[in-house]
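Residue-level structural notes
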Amino acid sequence: TECVSGCVCPEGLFDDGRGGCVEKKDCPCIHNNELYSSGDKIKVDCNTCTCQKGVWKCTNDVCYGTCMIYGSGHYNTFDGKFYDFDGSCDYVATQDFCGDKNSSGSFSIITENVPCGTTGVTCSKAIKMFLGKTELKLENKEYREIQRHVGDDVQYWNRTVGLYLVIEASNGVILIWDKKTTVFIKLSPDYKGKVCGLCGNFDDKANNDFTTRSGLQETNPLNFGNSWKQSPTCPDVTQEIKPCDLKPHRRSWAEKECSIIRSSVFKICHSKVNPNPFYEACVHDACSCDSGGDCECFCSAVAAYAQECIKAEACVFWRTPDIC
């Protein structure tokens, strides 16, 4: 209807988002707000995506799912839902004994959570892994095997990789433990939609991850978490703990230390993995730790973000002689 001043591309060419004009076949693609040229490849989980004429074309491999439990009660489910739950008890992290009482399953992983600071937050102190008739207990930087009389034979292998102890079972379950408060559980795609527990149901939908033991959908992480406790005698968690409100003198220190997650050190990763939930979890942990355990809490929180970055193919060298 009227003339508008500005730059437009000539007939038949398209704005490439970088201030230039290109033919349709050279249109860039966008991923996490970053532009990629035609022909560029990126890894998304275990698939490779190639930019073709402005559209991503991806391979369709089915990937392992990963659930992460770290620090003082932070959970990231198989379907990528973040939440916090601070309960002092044994909880089902994930298992394939779901649905009816008689359903047979091959594994169950229990996290034993204990208070890890005077504010009342809890950390995963020990992990119990049931594989058929074998029970593995991971505690105090080592694991021991206990044989039970019921269940099938499930083979497993263990190895140490860097800081981590890795236990890999023949039924498609992998457990990675940093011998402190971080545990990663990887499941083969065969388990999609067949597991339950604090790690969710692994059906590629994050909005139904809060399914309680009785099969109800919850919106509140506390009610959801309480439903997965192993012992009915443990008290229910009734309120979310906010350690920075309880120890306000630690807040500014926590924010200053944790700012590394949002800083240029991790710049390469910011467009691949959203740093905000990890930053908030870091501040929460740094406030909650008692002097002396400061470093372990802060370092575990930053390491959790670094680990997600590596999965997204953004390798960051963040540990220095001064930091962790």
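As shown above, the structure is provided for reference.
Numbering of residues starts from 1 in each chain and follows the order in which that chain's sequence is written. Residues qualify for local features only when their pLDDT is at least 70, as the model is predicted, and side-chain atom pairs are given and counted only at 80 or more; totals for whole chains, interfaces and linings, by contrast, use all residues. To obtain the side-chain values, all non-hydrogen atoms of the structure were included, while hydrogens and water were left out.

Regarding the pairing of strand 13 (residues 122–131)
Where we set the bar: To sort residues, take the accessible area from a 1.4 Å probe on protein chains only and compare it with the maximum for the residue type: under 20% means buried, over 50% means exposed, and anything in between is partly exposed. In DSSP terms, a helix is any run of H or I states spanning at least four residues, a strand is any run of E spanning at least two, and both are numbered starting from the N terminus. A pair of strands is considered paired only if DSSP assigns at least 2 bridges between the two.
Among the ten residues of strand 13, nine are classified as buried, and the element is accordingly described as predominantly covered. Bridge count between strand 12 (residues 107–115) and strand 13: nine bridges; the pairing is antiparallel. In the sheet register, Pro 115 faces strand 13, and the bridge partner there is Thr 122. In sequence, strand 12 turns back onto strand 13 through a hairpin of six residues, with Gly 120 there showing a positive phi of about 100 degrees. For strand 13 and strand 14 (residues 134–139), the ladder comprises five bridges, and the chain directions are antiparallel. By the bridge assignment for strand 14, Lys 128 is matched with Lys 137.

Here we look at helix 5 (residues 276–288)
Spelled out, the test is: To estimate how far a helix should extend, the number of its residues minus one is multiplied by 1.5 Å. In this analysis, two residues are considered to be in contact whenever any of their non-hydrogen atoms come within 4.5 Å of each other.
Between its first and last C-alpha atoms helix 5 spans 18 Å; for 13 residues at 1.5 Å apiece the expected length is 18 Å, and the two agree. The buried fraction of helix 5 amounts to ten of the 13 residues, a majority that puts the element mostly inside the structure. Regarding helix 5, the residues found buried are Phe 278, Tyr 279, Ala 281, Cys 282, Val 283, His 284, Asp 285, Ala 286, Cys 287 and Ser 288. Residues of helix 5 that are buried in the fold lie against strand 8 (65–70), strand 9 (74–76), strand 10 (82–84), helix 2 (243–246), helix 3 (251–258) and helix 6 (294–311).

Notes on empty space enclosed by the protein
For clarity, the cut-off: Cavities and pockets were defined on a 1 Å grid built from protein atoms only: a cavity is a group of points that admits a 1.4 Å probe but offers it no way out, a pocket is an open group of points flanked by protein on both sides within 12 Å along at least five of seven lines, and a lining residue is one with an atom within 4 Å of any such point. Grid points are joined across faces, edges and corners, and a volume is the space filled by probe spheres set on the points. Just so you know the grouping, Ala, Val, Leu, Ile, Met, Phe, Trp, Tyr, Cys and Pro go in nonpolar, Asp, Glu, Lys and Arg go in charged, and all remaining residues, Gly too, go in polar.
Evaluation of the coordinates by the stated rule reveals one cavity of 30 Å³ or more. The volume enclosed by the largest cavity comes to roughly 40 Å³. Lining the largest cavity are Asp 84, Phe 85, Asp 86, Leu 222, Val 237, Gln 239, Glu 240 and Ile 241. Residues of the lining of the largest cavity, tallied by class, amount to four nonpolar, one polar and three charged.

Looking at the environment of Gln 155
Within the secondary structure, Gln 155 sits in the loop between strand 15 (142–147) and strand 16 (156–161). Taking the C-alpha atoms as reference points, Gln 155 and Asn 171, separated by 16 residues in sequence, lie 8.0 Å from one another. Residues in contact with Gln 155, not counting those within four places in the same chain, are Glu 168, Ala 169 and Ser 170.

Some points on the packing of aromatic side chains
Rules: Aromatic pairing here means that ring centres of Phe, Tyr or Trp (its six-membered ring) are within 6.5 Å. Orientation follows from the plane angle: under 30 degrees is stacked, over 60 is edge-to-face, and everything else is tilted. Geometrically, a lysine NZ or arginine CZ counts as sitting over a ring once it is within 6 Å of the ring centre and also within 35 degrees of the ring normal.
The tally for this structure, following the rule as stated, stands at 14 aromatic pairs. Ring centres of Phe 85 and Tyr 91 lie 5.2 Å apart, and the angle between their planes is 85 degrees; on these two criteria the pair is classed as edge-to-face. Judged on exposure class, the residue Phe 85 and its partner Tyr 91 are both buried. On the numbers, 6.5 Å between centres and 75 degrees between planes, the contact of Tyr 143 with Tyr 156 is edge-to-face. You can see Tyr 143 sitting in strand 15 and its partner Tyr 156 sitting in strand 16, a full 13 residues away along the chain. Ring pairing ties together the aromatic residues Tyr 70, Phe 82, Phe 266, Phe 278 and Tyr 305, which thus form one cluster. Over the face of the ring belonging to Phe 210 we find Lys 81, whose NZ or CZ atom lies 4.7 Å from the ring centre.

Observations regarding the nonpolar core
Note the cut-off: Residues grouped as a nonpolar core are buried Ala, Val, Leu, Ile, Met, Phe, Trp, Tyr and Cys residues, joined through side-chain atoms within 4.5 Å.
Core analysis: the biggest nonpolar cluster contains 42 residues, and Ile 109, Leu 175, Ile 185 and Leu 187 have the highest contact counts within it. Element by element, the count of residues in this core is highest for strand 13, at four residues. One finds Val 302, Ala 306, Val 316 and Trp 318 within the second-largest nonpolar core, a separate group that totals 35 residues.

Observations regarding the pattern of salt bridges
The cut-off we apply is this: Here, a salt bridge means any side-chain nitrogen of Lys or Arg that lies within 4 Å of a carboxyl oxygen of Asp or Glu.
For the structure on display, the rule yields 15 salt bridges. The shortest N-O distance in the salt bridge between Lys 43 and Glu 313 comes to 3.8 Å. Here Lys 43, found in strand 5 (residues 41–44), pairs with Glu 313, found in the segment after helix 6; they are 270 residues apart in sequence, far enough to count as distant. Given the relative accessible area of 33%, Lys 43 is considered partly exposed. For the salt bridge of Lys 205 with Asp 203, the shortest nitrogen-to-oxygen distance reads 3.8 Å. The exposure class assigned to Lys 205 is partly exposed, which follows from its relative accessible area of 45%. Exposure remark for Asp 203: the relative accessible area of 22% places this residue in the partly exposed category.

Describing the environment of Thr 211
Filter applied, for reference: For the purposes of these results, a polar contact is taken to be a pair of N or O atoms within 3.5 Å, where, inside protein, one atom must be able to donate a hydrogen and its partner to accept one; residues adjacent in sequence count only when each atom of the pair is a side-chain atom.
Locating Thr 211 in the fold gives a position in the loop between strand 19 (183–187) and helix 1 (221–227). Along the chain, Thr 211 and Gly 200 lie eleven residues apart, while their C-alpha atoms are 7.2 Å from each other. Setting aside residues up to four positions removed in sequence, Thr 211 forms contacts with Asn 201, Leu 216, Gln 217, Phe 224 and Trp 228. Polar contacts involving the side chain of Thr 211 include one to the main-chain carbonyl oxygen of Asn 208, which spans 2.7 Å.

Some thoughts on the side chain of Thr 182
Secondary-structure assignment places Thr 182 in the loop between strand 18 (173–177) and strand 19. The buried category is assigned to Thr 182, whose relative accessible area is 5%.

A word on the sheet that holds strand 13
Heads up, the rule is: To get an axis, fit a line to the C-alpha atoms, keeping to the stretch in contact for a helix; angles then go from 0 to 180 degrees between the N-to-C directions.
Overall, antiparallel pairing links the five strands, which are arranged 11-12-13-14-15 in an open sheet. Edge positions in the sheet fall to strand 11 (90–95) and strand 15, since each of these pairs with one other strand and no more. Taken pair by pair, the neighbouring strands of this sheet meet at an average axis angle of 25 degrees, ignoring direction. Looking at chain direction, strand 11 and strand 12 are connected through five bridges and run antiparallel. Paired with Asp 90 across the bridge in strand 12 is Glu 112.

So, to be careful, I would describe these as geometric facts and stop short of saying anything about function.
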